[in-house]
Amino acid sequence: MSRAACYTCFVWGCGLMIMQMIVSFAGIDVTAWGSVPGYFFASSVRSGVIAMVGSLIIVPLVSLFTAKQDAKSLDDMFACYEERVSVVRTEALD
């Protein structure tokens, strides 16, 4: 996943949740927004679902149009997992 996809998802989710918070705390009547937005913003649970499902759609789309990270930088990021560690058998059973 590209950084742009992560940032876009973050902005999408935070934007929706801030909008829901404003709607909830200000007592804004969302029925005039139309049937679909009114339905989703009537409950914070529904707008949370839209934030999560929207992220599942946004990430692949943004990743299609952004540059991929090179293999060396990915290897450098995950190099810490290559370290050998000794543990007691009861902590790491086969």
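Just so it is clear, the structure is predicted and the values come from calculations on it, not from any experiment.

Draft legend 1. Spotlight on the confidence of the model for the chain. Scored by pLDDT, the chain has a mean of 85; 98% of the residues are at 70 or more. Here helix α2 (residues 35-40) stands out as the least confident element of the chain, with mean pLDDT 85; helix α3 (residues 44-65) is the most confident, with 89.

Draft legend 2. Structural context of the environment of isoleucine 22. Topologically, isoleucine 22 is positioned in helix α1 (residues 3-26). Look at isoleucine 22 and you get partly exposed, because its relative accessible area is 47%. Those residues within four positions of isoleucine 22 in sequence are excluded, and the remaining contacts are Gly27 and Ile28.

Draft legend 3. Expanded view of the state of the cysteines. Within the structure shown, the criterion is met by 0 disulfides. For the unlinked cysteine cysteine 9, the closest cysteine sulfur is that of cysteine 6, found at 7.4 Å. In this model cysteine 80 remains outside any disulfide bridge; the closest cysteine sulfur is found in cysteine 6, 17 Å from its own.

Draft legend 4. Representation of the pattern of salt bridges. Under the defined criterion, the tally for this structure stands at 1 salt bridge. Among the ionic pairs, aspartate 76 bridges to lysine 72, the shortest N-O distance being 3.1 Å. With a gap of 4 residues between them, aspartate 76 and lysine 72 both fall in helix α4 (residues 71-77), about one helical turn apart. With a relative accessible area of 54%, lysine 72 lands in the exposed category.

Draft legend 5. Highlighting α3. With 22 residues, α3 extends 31 Å from end C-alpha to end C-alpha; this agrees with the ideal 32 Å at 1.5 Å per step. Restricting attention to buried positions, one finds in α3 the residues Ser47, Gly48, Ala51, Gly54, Ser55, Ile58, Val59, Val62 and Ser63. Buried residues along α3 sit against α1 and α2.

Draft legend 6. Local environment of the packing of aromatic side chains. Considering all chains together, one arrives at 3 aromatic pairs under this definition. Seen in terms of ring centroids, tyrosine 39 and phenylalanine 40 are 5.3 Å apart; in terms of plane orientation they differ by 70 degrees. Their pairing is edge-to-face. Judged by relative accessible area, which is 46%, tyrosine 39 ranks as partly exposed.

Draft legend 7. Broad picture of the side chain of serine 47. By the element assignment, serine 47 lies in helix α3. For serine 47, the residues in contact, after removing those within four places along its chain, are Leu16, Met17, Gln20, Phe40 and Phe41.

Conventions used here
Residues numbered from 1 in each chain as written. Predicted model: local features only at pLDDT ≥ 70, side-chain atom pairs only at ≥ 80, totals over all residues. Heavy atoms only, no water. pLDDT = per-residue confidence, 0-100. Helix = DSSP H or I, 4+ residues; strand = E, 2+ residues; numbered from the N terminus. Buried < 20%, exposed > 50% of the residue type's maximum accessible area, 1.4 Å probe, protein only. Contact = heavy atoms within 4.5 Å. Disulfide = S-S within 2.5 Å. Salt bridge = Lys/Arg side-chain N within 4 Å of Asp/Glu carboxyl O. Expected span 1.5 Å × (residues − 1). Phe/Tyr/Trp six-rings, centres within 6.5 Å; stacked < 30°, edge-to-face > 60°.

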